[in-house]
Each structure stands twice: as C-alpha cells, then as structure tokens.
Amino acid sequence: MRVTVRHSPEIEEVTIVIVGVFTPGIMSPFWFSFHGLVSTREAEEATVTLMTPELTQIDFGWGRFYADQQRIQVSTSQSPWVRASDLISKMLSEVLPGTTCRAVGINVSMDYPVTAEQRESLGQKLAPRDAWGNWGKRLNNADPTKPSNGLTLITMRQGSDLENPYNKYVDVSVKSSNILKPYGISIYINDHYSYMDEPDSSVNSEIAAKTLASEFEKSLERSHSIAEEIMQGVE
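The present account deals with the structure reproduced in this document. All figures in this text were calculated on a predicted structure; none of them were measured in a lab. (Residues numbered from 1 in each chain as written. Predicted model: local features only at pLDDT ≥ 70, side-chain atom pairs only at ≥ 80, totals over all residues. Heavy atoms only, no water.)

**Some details on the pattern of salt bridges**
Okay, so step 1: Inspection of every chain in the model, using the stated rule, returns 6 salt bridges.
Okay, so step 2: A salt bridge links Glu13 to Arg64; its shortest N-O distance comes to 2.6 Å. In this pair, Glu13 is assigned in strand β1 (residues 11-20) and Arg64 in strand β4 (residues 64-68), connecting sequence segments 51 residues apart.
Okay, so step 3: By relative accessible area, which is 40% here, Arg64 ends up partly exposed.
Okay, so step 4: The partner of Arg129 in a salt bridge is Glu120, with the nearest N and O atoms 3.9 Å apart. Side by side, Arg129 and Glu120 carry an identical accessibility label, which is buried. (Salt bridge = Lys/Arg side-chain N within 4 Å of Asp/Glu carboxyl O. Helix = DSSP H or I, 4+ residues; strand = E, 2+ residues; numbered from the N terminus. Buried < 20%, exposed > 50% of the residue type's maximum accessible area, 1.4 Å probe, protein only.)

Structure, rendered in structure tokens:
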C-alpha cells in the first residue's frame, strides 16, 4: 500500500491585497492604534520604513502593511493568519466605510525544501518533455544536482466553477524557490475577487470586508489543499 507523505512548507506567507482608492499619508502606526486596529504597544514598537502622502510602509513585527493611492496590502509569515484578515476587515468596515474598493486578493506563497531528484521529478510531471517534441528530448538533466534544463515556471488558472460570484479566478504558479537554495520549490496561489462589473455606487469597502469575512478561511484551506496535492508529485 502506498503511504502518502504530507509535505509542509518551510516558509509560508499570506498576503491580502485590496485595490481601490486610498489616502496612505494618514495611515501611521498611531492611526492604527487610535482606531483599534492594533494595540498601543504594537504601534509604539512598529517600524515605519516609509511614509509620504503617496506611500506608507509599516512593519508591525507580526506583519507588514503597505499602502499607496490604489492599493493596501498586509503580508504575514506568522500564524494565526486570520490576524491579517481581521485587521483589513475592520479597517474597511469600521474605519474607512464607503471607500471605493474594486478587487480583493487572498494570496499564499509556500516554499518547500526538496532534493534535486524530487525537484526534477516534479518538473517532469508538471511539464512532460514529450509534449515539446524533438526539442523536449534535449530538456532532460543527466545530473539533477546540476540542472540547466527543464521547468522554470508554470501557471494554471481556474476561472469557472467558483462558488463566490465575485471570485473571478484562482491562479497557481510553481517554480524554483528564490529563497531555499539550491533545490527548493515555490508554490504561489493568487485567489482573485473583483467588483469591476458592479455599479460604482455599490463598489465600496463593505463589500470587500464581507468577502474577506466569508472567504478568507475557505481560500486558505483551498490553497493548502492545492499545494499539498502538487507536492505529492515529488514522491
């Protein structure tokens, strides 16, 4: 009987992106604490890496906040992941109600340590050389520890059969890891929700906050399931 091995990423990051109309110059650490988005201690210990009327970057320790006039974003590599969702949801629904929001992204990146042989095996399964004709015969690596051929990046998209009507697509990309050298594998999943087809009067922060409230946990569960099934290809 074949034993299924569960693969856990060595590095994982969850990022929430909101596309809309924002005023980044007001978003200081103490603006966050004043509105109850973070604690006073978190605001005091935060590192402001950049703050201008057009751009704000703040490191809260557990997560990084970015804002420009068209986007706000929170990234974290520390669980509980829902902390990022709670911050953005409260900001949109309680602090910035009525703000124009046109899209939401719930994105996950996962980097896995593998052997050279495992990476070669996965590349062969995701991009079979036979599909590339005679040229494909030149893409095999005689020594997997010295790869000069093969898969560098592949992306697959699901754009239908998604439960939420605003969920326009799920993109899944697999490539060599830029972090785990020399043989790591990186899986990046972009779960995209868009309100571009809605009337301008209804495209506001409340609808984005409701999307996060209803879809965040389900999106992460789906992303982890997709990644785990992909990683079975290294066996």
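**What to know about the packing of aromatic side chains**
Okay, so step 1: This model, assessed by the stated rule, comprises 5 aromatic pairs.
Okay, so step 2: Considering the side-chain rings of Trp132 and Trp135, the 5.9 Å spacing of their centres and the 70° angle between planes classify their relative orientation as edge-to-face.
Okay, so step 3: Residue Trp135 is classed as exposed on the basis of its relative accessible area of 51%.
Okay, so step 4: In textbook terms, an aromatic cluster arises when at least three aromatic residues are bridged by ring pairs, as seen for Trp31, Phe32, Phe60 and Phe65.
Okay, so step 5: When the ring centre of Tyr169 is taken as reference, the NZ or CZ atom of Arg157 above it lies at 3.8 Å. (Phe/Tyr/Trp six-rings, centres within 6.5 Å; stacked < 30°, edge-to-face > 60°. Lys NZ or Arg CZ within 6 Å of the ring centre and 35° of its normal.)

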